[in-house]
Amino acid sequence: HHDGYMLAQAVAVNQGGLIYLDAFAQYGPVTPWFQSVFTFLFSDFPAVGLRFSNVIVLSLTAFVLADFGRNMPTWWPIKSFSARLATFIWILTADFIYSVPMLPWSSALATLLALSSIYFFGRACNKNSIQIRSLYFSLAGAMAGLTIFTRVNVGLPLLAVILALALFAFIGKIRIQKSHYFAL
């Protein structure tokens, strides 16, 4: 494994190339588009830019995962302690800690986008103003859409997870409404 595969795509996009015309992207166009920004910022050392983009992606993934249980609706299946514990275990089991260099594969970005989509969906189901809920639902949908074009094999199961969460939200809302009805 090496960075050359991902670097070639990002540099091609940075130089004005098009995915699937000038450069091949096996998993989708989003990762090369994202990484090309960092090859532009680090134009003298594009491989360093690629690694820096991966540091940002993995850091944001750890933040989103750790924050999963905070400010979520009562029916939300993940609580704060569980989310923080999962983050801690995810960091401890990361392959780059033990031997493998931190590779900037599309799976890192797909993980961030998928977790962010679920995170924003949960935040949207909380008791917020209609504008905030609309913003969170829009972000959840945008992240899910980007995930499909980052890695299809992550994006399609993500849609199933979002449908399951929508079902949980519907059932949770019915239970809350019944409990309020009987409390009166």
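(A) Here's a closer look at the nonpolar core. Formed by 31 residues in total, the largest nonpolar core has its most connected members in Phe68, Trp75, Trp76 and Phe121. Of the residues forming this core, the biggest block, 11 residues, is contributed by helix 6 (residues 106–124). Val13, Ile19, Ala23 and Ala25 belong to the second-largest nonpolar core, a separate cluster that totals 5 residues.

(B) Structural detail: helix 6. Over its 19 residues, helix 6 runs 27 Å from end to end, which matches the ideal 27 Å to within 8%, given 1.5 Å per residue. Of all 19 residues making up helix 6, 17 are buried, and the element is well covered by its neighbours.

(C) Representation of unusual backbone geometry within the structure. Even without glycine at this site, Tyr20 takes up a positive phi of about 70°. Of note, Tyr20 is situated in the loop between helix 1 (4–14) and helix 2 (30–41). Positive phi is not limited to glycine here, since Asn71 has a value of about 55°. Here Asn71 lies in the loop between helix 3 (46–66) and helix 4 (80–92). For Asn71, a relative accessible area of 39% puts it in the partly exposed group.

Thresholds, definitions, all that
- Residues numbered from 1 in each chain as written.
- Predicted model: local features only at pLDDT ≥ 70, side-chain atom pairs only at ≥ 80, totals over all residues.
- Heavy atoms only, no water.
- Core = buried A, V, L, I, M, F, W, Y, C linked by side-chain atoms within 4.5 Å.
- Buried < 20%, exposed > 50% of the residue type's maximum accessible area, 1.4 Å probe, protein only.
- Helix = DSSP H or I, 4+ residues; strand = E, 2+ residues; numbered from the N terminus.
- Expected span 1.5 Å × (residues − 1).

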